[in-house]
Structures are given as structure tokens and as C-alpha cells.
Amino acid sequence: MGLENYTSITNFVLLGLTDLAQLQVILFVFFLIFYIINLIGNFSIMVLIIKDTSLQTPMYFFLWNLSFLDICYSSVTVPKMLSDLMAMEKTITFAGCILQMHFFHFLGSTEVMLLTAMSYDRYVAIGNPLRYSNIMNNRVCQNLAAGSWMTGYFHSLLHTVMTAKLPFCGPNLVKHFFCDIKPVLKLACADTSLNLKLLTRVTGTLATTTLLLTLLSYLFISKYLLKIRTAEGRKRAFSTCSAHLTVVFLLYGTAIFTYSRPSTQDSLDEDRAAAVLFTVITPALNPIIYTLRNKDMKKSMKKVVKDFQIRLIGKK
């Protein structure tokens, strides 16, 4: 049975973040800057990893995937939000809303799985340095990445199908700047208790479990760090982990805050504020965090800039 038999609504109206015209202009400029930083920063990391053979290791294989995810993840919501900030009518079709919801949760849940895989990679690198290349071989890395993408896809598909099957008779005002599950469920003219239970339990369990696995990896890592005798060795090992831990707490903190709580009117307002953090700000901060805390990335960037300057002087 097609979607048209379940609902009489053909489009939704996104209420956005604010109705104040002056504030909308300020937010447009602010979010546009962060989106450009996100695109340039993450794309630069992807190019560096491909061009520099010294960066073609498991750690940077996962970082390449993370950068690609951040670009896609942010692009699901931010371009639409930017256009809505400057538009009089903030509408989205029913099908467009369901697709946005699907890709948002698909890419978001893939990212939390990928961060867990990255923590395991750091554990092996520090705990078993002599066997690292054998344990984290190409096949293992590809399987971990593929498993993250597949888990994210089917996790999102569950919520998307459950939401799309609901009847929507009106009103059609989504109290958010994109189609997230909770605010859309508020508009359904049917019992949504099962949907909310699945969201809280499945998504909450996924986020909590992957966070605990990540923290467990770092618990073992801290044990190995204490065994490193030289201060320089501890500093180098810690520097490879601190950037990843920063990203973990930024993403997991907001995800658990948003999807592990009951859906109330006050919580929906708080969810909008939290969504700005993990859709706009965190994807833009990730490349900055990883490049500033990573000597290999900074070295590779300097090398690329130097090669570019040499080529530029040669042409003159």
C-alpha cells in the first residue's frame, strides 16, 4: 500500500529556529560560515589522506570515512535550513521529509558506530603496536567501516518505515528546522507510543552501547599509557587519542541527550538547540580538532602548501 493511502498531508511546514527577521539574517551568516568551514576542512582532510602515502593507515582510513560522513551528515539539513532562513515559506514535501529523516539518522548512527571502530583502532595501536598491522589489516578495516554503514542504514530504516506508515491528517507544522522523528511524530493522528519506545530504546541503546564500548577501549588504553616510561612516548600516544575523545563527547553527549528522553513540548525545544550543535557546529569542528591535535596531519598540510608554493613560483 502506497504512502498516499496513509496520509492526507502532501507537505510539511518547518517552523525553524526563530521568526525574528533580523535574527534570521544573523543565523544565516553564522551557519553559512560553519558550513563552509565544514566543507573545506573535511574535504581537505580527505584529499590529504589520499595524496599523502604516509597517511594511508587504518587510523586515517577511518578518519577519511568520518570526514566524508560529516560532509554528508551536515548537508542533509544545513542547506535546507539556510534556504528556509531566507524564505517566506518553509515547506518540505512529505516524501522529502521522510528522506531527510532517513538520511539524517542513517548518517548519524553510522558516525557513532565509526567512532567506536576508531577507538578500537587506537586500542590496538597502543596496546599491541608490534601486531598492529596484522590485526588492523585492510580487510578488518573495510569490514568495520562496512559494518558501521550497514548498521546505520538498517537502524534508520526501522524508524523511517515506522514513521512513514503513520497517518498524518493535520496540522502540518513541524516544530523544528528539519524533519526529525520526534517533532514529526507529534503530528501523526494515531498512537505513536510504539514509535517513541523504539526511538528511546533502540536509538538510546545504540548510542549508549557504542559509547560504553568506546570508553572501555580508552580504559584499556589508559592502562597501557601508564606503562609507557618516557614522557614523550605518553604525550605522543595521548595526542592521537585526545582529538578522538573530544569528538566522541561532543557527538554522543548531544545524541544521548536528544534521543534517550521522553518526548515533551519542553524537550522538543531543547532538542532544536542540541540539533544545531551536532548538525552545524560539531561537523565543522571535527577537522579543526583532528588537524590541530595531530602532528602527522599538520606535517602533511605543510608539505602540500610547500609543494603548491614551489609550483606557483615555477610557473612565474
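Preceding block: the structure.
Caption draft 1: The overall build of the protein, seen in detail. The helix and strand inventory of the protein stands at 10 helices and 3 strands. Mapped from its N terminus to its C terminus, the protein presents α and β elements in the order β-α-α-β-α-α-α-β-α-α-α-α-α. In the protein, which comprises 316 residues, the share counted as buried stands at 47%. Long-range pairs, those at least 24 residues apart, make up 80% of the contacts in the protein between residues at least 6 apart in sequence.

Caption draft 2: Up close: the packing of aromatic side chains. A full pass over the atoms with the stated rule returns 19 aromatic pairs. With centroids separated by 4.8 Å and ring planes inclined at 55°, the aromatic side chains of Phe30 and Phe34 adopt a geometry described as tilted. Of the two residues, Phe30 and Phe34 are both situated in helix α1 (residues 21-51); the distance of 4 residues between them amounts to about one turn of the helix. Cluster of aromatic residues (ring-pair linked, three or more members): Trp64, Phe68, Phe103, Phe106, Trp149, Tyr153 and Phe154. The ring of Tyr224 has Lys223 sitting right over it, with the charged end atom 5.4 Å from the ring centre.

Caption draft 3: Quick peek at the environment of Leu245. Inspection of the secondary structure assignment puts Leu245 in helix α8 (residues 231-259). Sequence separation between Leu245 and Thr214 is 31 residues, and the spatial gap between their C-alpha atoms is 8.9 Å.

Caption draft 4: Geometry of the pattern of salt bridges. If you walk through the whole model with that rule in mind, you get 2 salt bridges. Where Lys80 meets Asp84, a salt bridge forms, and the shortest distance between an N and an O atom there is 3.3 Å. Of the two residues, Lys80 and Asp84 both sit in helix α2 (residues 58-85), 4 residues apart, roughly one turn of that helix. The exposure class of Lys80 is partly exposed, given its relative accessible area of 22%. Judged by relative accessible area, which is 6%, Asp84 ranks as buried. For Asp121, the salt bridge goes to Arg122, with nearest N and O atoms at 2.9 Å. Arg122 carries the same exposure label as Asp121, and that label is buried.

Caption draft 5: Main features of the nonpolar core. Counting 51 residues, the largest nonpolar core has Phe31, Leu63, Leu115, Val280 and Tyr290 as the members making the most contacts within it. Only α1, α2, α3 (94-127), α8 and α9 (265-292) provide two or more residues apiece to this core. Every residue in contact with Tyr290, bar those within four places of it in the chain, is listed here: Leu63, Leu66, Leu115, Met118, Ala243, His244, Val247 and Met297.

Caption draft 6: Layout of the pairing of strand β1 (residues 11-14). Burial along β1 is one-sided: Phe12 and Leu14 are buried, and none of Asn11 and Val13, which face the opposite way, are. Summarising the sheet, β1 and strand β3 (residues 173-174) pair through 2 bridges and their orientation is parallel. The residue bridging Leu14 from the neighbouring strand is Val174, located in β3.

Caption draft 7: The sheet that holds β3, seen in detail. Taking strand neighbours across the sheet as the criterion, the 3 strands line up as β2-β1-β3 in an open arrangement whose pairing is mixed. Looking at which strands have only one partner, the edges of the open sheet turn out to be β2 (91-93) and β3. The strands that α3 touches are β1 and β2; relative to β2, the one it contacts most, it runs at about 85°.

Caption draft 8: Fine view of α2. Spanning 28 residues, α2 covers 40 Å between terminal C-alpha atoms, matching the ideal 40 Å at 1.5 Å per step. Of all bends in α2, the biggest is about 40°, found at Ser75, and the proline Pro79 comes one to four residues later. Of all the 28 residues making up α2, 20 are buried; the element is thus mostly covered by neighbouring parts of the structure.

Caption draft 9: Main features of the side chain of Ser156. Mapped onto the elements, Ser156 comes out in helix α5 (residues 138-164). Judged by relative accessible area, which is 1%, Ser156 ranks as buried. In contact with Ser156, not counting residues within four places along its chain, are Met101, His102, His105 and Phe106.

Caption draft 10: Layout of the state of the cysteines. Following the criterion strictly, the structure yields 2 disulfides and no others. One disulfide in the model links Cys97 with Cys179; its S-S distance is 2.1 Å. Every disulfide takes its handedness from the sign of the S-S torsion; for Cys97 and Cys179 that torsion is -115°, giving left-handed. Taken together, the residues Cys97 in helix α3 and Cys179 in the loop between β3 and α6 (181-185) connect sequence positions 82 residues apart. Each member of the pair Cys97 and Cys179 is classed as buried. What pairs with Cys169 in a disulfide is Cys189, and their sulfur atoms sit 2.1 Å apart. What sets the handedness of the Cys169 and Cys189 disulfide is the S-S torsion sign, and at about 65° it is right-handed. With a gap of 20 residues between them, Cys169 in the loop between α5 and β3 and Cys189 in the loop between α6 and α7 (193-227) connect regions that are remote in the sequence. What makes Cys169 exposed here is its relative accessible area of 51%.

Basis of the calculations
Residues numbered from 1 in each chain as written. Predicted model: local features only at pLDDT ≥ 70, side-chain atom pairs only at ≥ 80, totals over all residues. Heavy atoms only, no water. Helix = DSSP H or I, 4+ residues; strand = E, 2+ residues; numbered from the N terminus. Buried < 20%, exposed > 50% of the residue type's maximum accessible area, 1.4 Å probe, protein only. Contact = heavy atoms within 4.5 Å. Phe/Tyr/Trp six-rings, centres within 6.5 Å; stacked < 30°, edge-to-face > 60°. Lys NZ or Arg CZ within 6 Å of the ring centre and 35° of its normal. Salt bridge = Lys/Arg side-chain N within 4 Å of Asp/Glu carboxyl O. Core = buried A, V, L, I, M, F, W, Y, C linked by side-chain atoms within 4.5 Å. Pairing = 2+ DSSP bridges. Axes fitted to C-alpha atoms, helices over the stretch in contact; angles between N-to-C directions. Expected span 1.5 Å × (residues − 1). Bend = angle between axes of the 7 residues up to and from the residue. Disulfide = S-S within 2.5 Å.

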